[in-house]
Amino acid sequence: MSNERNEPMDEPQLEISVDASRELVDIGLAVLLDIRQPFELELEGAVDGAVSVPLFRLKQLLGKHLSEEEQELLDADEPDERDFQHFLSLINQHHVRQDQILLCLCNSGRRSLRAAQLLRDLGYVRSLSVREGFRGWQGAGEAD
């Protein structure tokens, strides 16, 4: 059986609205992971309080295959154990537990779906993608 979006009913939801995300972050129940590349942060601005963990770097650290375009954007060597430990320390310095809510934010909400799934595969089962991404986040902030 499936729901209106043709997803299996037993598969946990992978997206969350901008409003719900902002509320969870504001009350301290979630950690916001900004997965945009550094050049995107420079061009569009960072989100206050977000932890910057670029998706391509996350994929690489988790041993996932990068496309040629992703590797070019990342422009880095293969990760070693030290890189993986750095990623974990980034997460741990924010006291992230595997049962904590992790909200992944990209520009539009597409890459963050992949990041949330990668984090779930790593055991962070409450990882979610912020629907509409930074654009929605920024628009919601202007409405405040």
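The structure under discussion appears in the preceding block.
Since the structure is predicted, the reported quantities are computational estimates derived from the model, not experimental observations. (Residues numbered from 1 in each chain as written. Predicted model: local features only at pLDDT ≥ 70, side-chain atom pairs only at ≥ 80, totals over all residues. Heavy atoms only, no water.)

On to the pairing of strand β4 (residues 101-105). Counting buried residues along β4, 5 of its 5 residues qualify, which places the element largely inside the surrounding structure. Residues I101, L103 and L105 of β4 are buried on one face, and the alternating residues L102 and C104, pointing to the opposite face, are buried as well. With 5 bridges connecting them, strand β2 (residues 30-34) and β4 associate as parallel partners. What sits directly across from V31, in β4, is L102. Across 3 bridges, the pairing between β4 and strand β5 (residues 127-130) is parallel. The residue bridging C104 from the neighbouring strand is S129, located in β5. Where the polypeptide runs from β4 across helix α6 (residues 111-121) and back to β5, its parallel neighbour, the crossover connection is right-handed. (Buried < 20%, exposed > 50% of the residue type's maximum accessible area, 1.4 Å probe, protein only. Helix = DSSP H or I, 4+ residues; strand = E, 2+ residues; numbered from the N terminus. Pairing = 2+ DSSP bridges. Right-handed = clockwise from strand over helix to strand, strands pointing away.)

What follows deals with the side chain of N107. Looking at the secondary structure, you find N107 in the loop between β4 and α6. Of the residues examined, N107 reaches a relative accessible area of 10% and is grouped as buried. A polar contact is formed between the side chain of N107 and the side chain of E40, at a distance of 2.9 Å. (Polar contact = N/O pair within 3.5 Å; in protein donor to acceptor, adjacent residues only side chain to side chain.)

The next thing to look at is the pattern of salt bridges. One pass over the structure, following the stated rule, counts 4 salt bridges. Between D34 and R36 there is a salt bridge, with its nearest N and O atoms 2.7 Å apart. R36 matches D34 in its accessibility class, with the two residues each being buried. Take R36: its relative accessible area is 0%, and that puts it in the buried class. Here the salt bridges do not stand alone but share partners, grouping D34, R36 and E44 into one network. (Salt bridge = Lys/Arg side-chain N within 4 Å of Asp/Glu carboxyl O.)

If you walk across this open sheet you meet the 5 strands as β1-β5-β4-β2-β3, and the pairing is parallel. Looking at the sheet topology across the chains shown, the edges are occupied by β1 (15-16) and β3 (51-52). Along the sheet face, α6 touches β1, β2, β4 and β5 and points at about 175 degrees away from the line of β5. (Contact = heavy atoms within 4.5 Å. Axes fitted to C-alpha atoms, helices over the stretch in contact; angles between N-to-C directions.)

Right, let's get into the nonpolar core. Membership of the largest hydrophobic core comes to 18 residues, with the highest contact counts inside it found for L33, I35, L55, L102, C104, A115 and L119. Breaking this core down by element, the ones donating at least two residues are β2, α3 (55-61), β4 and α6. Broken down by element, this core gets its largest block of residues, 4 residues, from α6. I16, L32, V47 and I101 belong to the second largest nonpolar core, which has 14 residues in total. (Core = buried A, V, L, I, M, F, W, Y, C linked by side-chain atoms within 4.5 Å.)

Turning to the packing of aromatic side chains, a few remarks are in order. What the rule picks out here adds up to 0 aromatic pairs. The ring centre of F134 lies 4.0 Å from the NZ or CZ of R36, which sits over that ring. (Phe/Tyr/Trp six-rings, centres within 6.5 Å; stacked < 30°, edge-to-face > 60°. Lys NZ or Arg CZ within 6 Å of the ring centre and 35° of its normal.)

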